[in-house]
Amino acid sequence: MTDQTPAVATYDGPRRILSGIQASGALHLGNYLGALKRFVELQDQGAPVFVFVADMHAITVWQDPAKLAAQTREIAAAYLASGLDPAKSIIFPQSAVRAHADLAWIFNCVARLGWLDRMTQFKEKSGKHKERASVGLYTYPVLQAADILLYKATEVPVGEDQKQHLELTRDIAAKFNNDFGVPGYFPVPEPIIQGPATRVMSLRDGAAKMSKSDPSDNSRINLTDDADTIASKIKRAKTDPEPLPETLDGLNDRPEAKNLVAIYAALAGLTREQVIAQFGGQGFGAFKPALADLAVASLAPVTAEMRRLMDDPAEIDRVLKDGAERAAAVADPVVDEVKKIVGFWRA
């Protein structure tokens, strides 16, 4: 916790960690390194970990209703295949806990319009025709705040691109506590941003984030790709003609090389400095095969377990149902108390 957020000092509840991934499209290497791998590390640190499938966030843009449930199961399968243990972590679909929507509405009335106007991701996602975007796409950072504060999460693993949304969550928590005279009721959560690959970039453009919405499948490594496909994508990844530098500073103006070094470091559990010490001075003809072998070795077990789980949806559904019940047991009393705090009628 930091000295800049006094409300944290008065919050004396337990440490809790929360995060989630949208149920929209196939997961890729960026999700694995930036989120899944980190979730697994966090679940063994002694604090409760809440990991949800963000299906409510997913429908801020059109989703095929026939596919949405399957996408939810696929995200859950990826959680489990990556090593999340439902005995240690609470894994659940966002929409299965009704308190998310209840708290989001209350927070819509706490958040200020000017705060949302400053959210850069809405501008990026809505493009040139923001009047055609859903209201949900505009207000989803408020729902995100509800997701976090509903469980009184004190820490949130986020990528660099989500820091602004977490700042909004912190603002909402502080304003609610202040407006309703309940100092310390909600914690002011801290971001967890760490590791060599918190922002994995496209294999075709080192200046663009790896994304499941990119029209080029070669821009990403999907968690469902087989070994040959992974090796082929890495072999064809965009690079420059120079060998890898002898020092980390030599990567500064080489985005594609910097991205591949960061991916290797994250998969191998090394620092980028250690990767440069090992491969500095070598060309990509030597580095890419080593990276491909490492990626295949790291992802093949995850892919195999995901496929096994997807062939047994009943097993996934059991985990999600149990997780939703455990999440609701924490969330429902919070939203009930919040309704009392804001003055809603109670019988």
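The structure contained in this document is the topic of the report that follows.

How each quantity is defined
Numbering of residues starts from 1 in each chain and follows the order in which that chain's sequence is written. Local features in this predicted model are restricted to residues of pLDDT 70 or higher, and side-chain atom pairs are both shown and tallied only at a pLDDT of 80 or more, whereas totals for entire chains, interfaces and linings draw on every residue. To obtain the side-chain values, all non-hydrogen atoms of the structure were used and water was disregarded. Planes of paired rings set the category: under 30 degrees apart is stacked, over 60 is edge-to-face and the rest tilted, where pairs are Phe, Tyr or Trp rings (Trp by its six-membered ring) whose centres lie within 6.5 Å. A simple rule labels every residue: compare its accessible area, found with a 1.4 Å probe on the protein chains alone, to the largest value its type can have, and call it buried under 20%, exposed over 50%, or partly exposed in between. Counting from the N terminus, the helices are DSSP H or I runs at least four residues long and the strands are E runs at least two residues long. Whether a charge sits over a ring depends on NZ of Lys or CZ of Arg being within 6 Å of the ring centre and within 35 degrees of the ring normal. Salt-bridge detection follows one rule: a side-chain nitrogen of Lys or Arg within 4 Å of a carboxyl oxygen of Asp or Glu.

1. Focus: the packing of aromatic side chains
- Evaluated as defined, the whole model comprises 15 aromatic pairs.
- Seen from their ring centres, Phe176 and Phe180 are 4.8 Å apart, and the 40 degrees between their planes marks the pair as tilted.
- Looking at Phe180, the relative accessible area reads 33%, which means it is partly exposed.
- Ring centres of Phe284 and Phe287 lie 6.5 Å apart, and the angle between their planes is 70 degrees; this geometry places the pair in the edge-to-face category. With a gap of 3 residues between them, Phe284 and Phe287 both fall in helix H13 (residues 284-310), about one helical turn apart.
- What links up through ring pairs into an aromatic cluster is the set Phe107, Phe176, Phe180, Tyr185 and Phe186.
- Between the NZ or CZ atom of Lys152 and the centre of the ring of Tyr185, over which it lies, the distance is 3.6 Å.

2. What about the pattern of salt bridges?
- For the structure on display, the rule yields 17 salt bridges.
- Between Arg308 and Glu305 there is a salt bridge, with the nearest N and O atoms lying 2.9 Å from each other. Residue Arg308 and its partner Glu305 are located together in helix H13, separated by 3 residues, close to a single helical turn.
- For Arg308, a relative accessible area of 38% puts it in the partly exposed group.

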